[in-house]
Amino acid sequence: MSTITVRNPVPSPEEDSRTLRKAFQGWGTNEKAIIEILGHRTAHQRQEISRAYQRLYNETLLRSLRSELSGDFLKAVILWATDPAERDAKLANEALIWVIIEIACASSPDHLIAVRQAYCSLFMTSLEEDVLRQLLVRLVSSYRYYGEHVDEHLAKSEAAKLYEAITIRILSIRSKSQLKATFKHYKQDYGRAFYEFTSMFKVAVWCIESPEKHFAEVVRTSILGLGTDEDLLTRAIVTRAEIDMKKIKEEYYKTTLVIGDTSGYYKDFLLTLVG
């Protein structure tokens, strides 16, 4: 389901490192060479290149990329060149709830464990602690009404949210296959899709049941209206290119993925990743 094409035969990590170093030197940067190498290597191969580059030049590949590139192209390449678990840990640290839901629900169990380990290593705290800390901060910073007045409409609305809290527990402990069967029976028994509660549940359920639908929607959202949300578009393509981009392309317009109002080497790089 990946859209990454790898050249055959593949140069050694040392050879790729030397080609990248050459692309950084001289008058200007050879962006096409960077796209040609990094855009056609798997996550494992990219990490091998990073290690070889560090050995050869006593400098990290990410540092060299940051010194040579700029703008949205730089952001996309840095995300792509970063170890996937470390990349997702950094994205989770931005505390965007839907990003955390994506990582938790659309990742394999092994990858999620790797993300949690990377998060702890990078930020000296656990991902669980940071999520909980945000909840506790909201609790202690709130000012509660102390009177007797009751808003019945609010009570009814929040009773539904208590039901959702129980649902979160189910979503967090069942396997994806078990949850898909549950979603199927729910629709049969109650006549509507399970995710028709809130937008948060829609994201969680889609990421479990059919991640390609969610990420196709993320791409659509990024290019709607005036201008393109490059950060949103980059995150969707970079994080899914090696996982299910073919399915996302099928879901989005059924033929090809639209890259929006992008241009230059940034557009070339995204097109390389989506095949």
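Rules behind the numbers
Residues numbered from 1 in each chain as written. Predicted model: local features only at pLDDT ≥ 70, side-chain atom pairs only at ≥ 80, totals over all residues. Heavy atoms only, no water. Helix = DSSP H or I, 4+ residues; strand = E, 2+ residues; numbered from the N terminus. Contact = heavy atoms within 4.5 Å. Areas by Shrake-Rupley, 256 points an atom, 1.4 Å probe, with all protein chains shown as cover. Buried < 20%, exposed > 50% of the residue type's maximum accessible area, 1.4 Å probe, protein only. Lys, Arg positive; Asp, Glu negative; His and termini not counted. Salt bridge = Lys/Arg side-chain N within 4 Å of Asp/Glu carboxyl O. Axes fitted to C-alpha atoms, helices over the stretch in contact; angles between N-to-C directions. Parallel < 35°, antiparallel > 145°, perpendicular 65-115°, else oblique. Left-handed = near helix turned anticlockwise from the far one by under 90°. Nonpolar A, V, L, I, M, F, W, Y, C, P; charged D, E, K, R; others polar. Core = buried A, V, L, I, M, F, W, Y, C linked by side-chain atoms within 4.5 Å. Phe/Tyr/Trp six-rings, centres within 6.5 Å; stacked < 30°, edge-to-face > 60°. Lys NZ or Arg CZ within 6 Å of the ring centre and 35° of its normal.

When you go through the protein residue by residue, the secondary structure sums to 16 helices and 0 strands. Counting only contacts in the protein whose residues sit at least 6 apart along the sequence, the fraction spanning at least 24 positions is 69%. As displayed, the protein offers around 16,400 Å² of accessible surface, 55% of which is attributable to carbon and sulfur atoms.

Our next topic: the side chain of Glu 31. When you line up the elements, Glu 31 lands in helix α2 (residues 31-38). For the buried Glu 31, no salt bridge is present, and the opposite-charge side chain at shortest range is Lys 32, 8.7 Å distant. In this view, Glu 31 contacts Leu 69, Phe 73 and Tyr 265; residues no more than four positions away in its chain are not counted.

What follows concerns the packing of helix α5 (residues 71-81) against helix α14 (residues 230-240). Look at α5 against α14: their axes get within 10 Å of each other, and the N-to-C directions meet at 30°. In this view, α5 runs roughly parallel relative to α14, as classed from their interaxial angle. For the crossing formed where α5 meets α14, the hand is right-handed. Only Glu 230, Asp 231, Thr 234 and Val 238 of α14 make contact with α5, whose side of the interface consists of Asp 72, Lys 75, Ala 76, Leu 79 and Trp 80. Among the residues forming the contact of α5 with α14, the class breakdown is 4 nonpolar, 1 polar and 4 charged.

Here we take up the nonpolar core. Ile 34, Leu 38 and Leu 65 are the most contacted members of the largest nonpolar core, which totals 66 residues. With 8 residues, the single largest contributor to this core is α5. Apart from the residues lying within four places of it in its own chain, the contact partners of Leu 65 are Phe 24, Ile 34, Leu 38, Leu 74, Val 77, Ile 78 and Ala 81.

Any two aromatic rings considered together are summarised by their centre-to-centre distance and by the angle between their planes. Per the stated rule, a full pass over the model turns up 5 aromatic pairs. An angle of 35° between the planes, with centres 6.1 Å apart, marks the rings of Phe 73 and Tyr 265 as tilted. With Phe 73 in helix α5 and Tyr 265 in helix α16 (residues 264-273), this pair connects stretches of sequence that are 192 residues apart. Judged by relative accessible area, Phe 73 falls into the buried class, the value being 7%. Measuring from ring centre to ring centre gives 4.8 Å for Tyr 119 and Phe 123, while their planes differ by 55°; the resulting arrangement is tilted. Here Tyr 119 and its partner Phe 123 are both found in helix α8 (residues 109-123), 4 residues apart, which amounts to about one turn of the helix. For Tyr 119, a relative accessible area of 2% gives the class buried. In textbook terms, an aromatic cluster arises when at least three aromatic residues are bridged by ring pairs, as seen for Phe 24, Tyr 53 and Tyr 57. Sitting over the ring of Trp 80, Arg 46 keeps its end group 3.6 Å from the ring centre.

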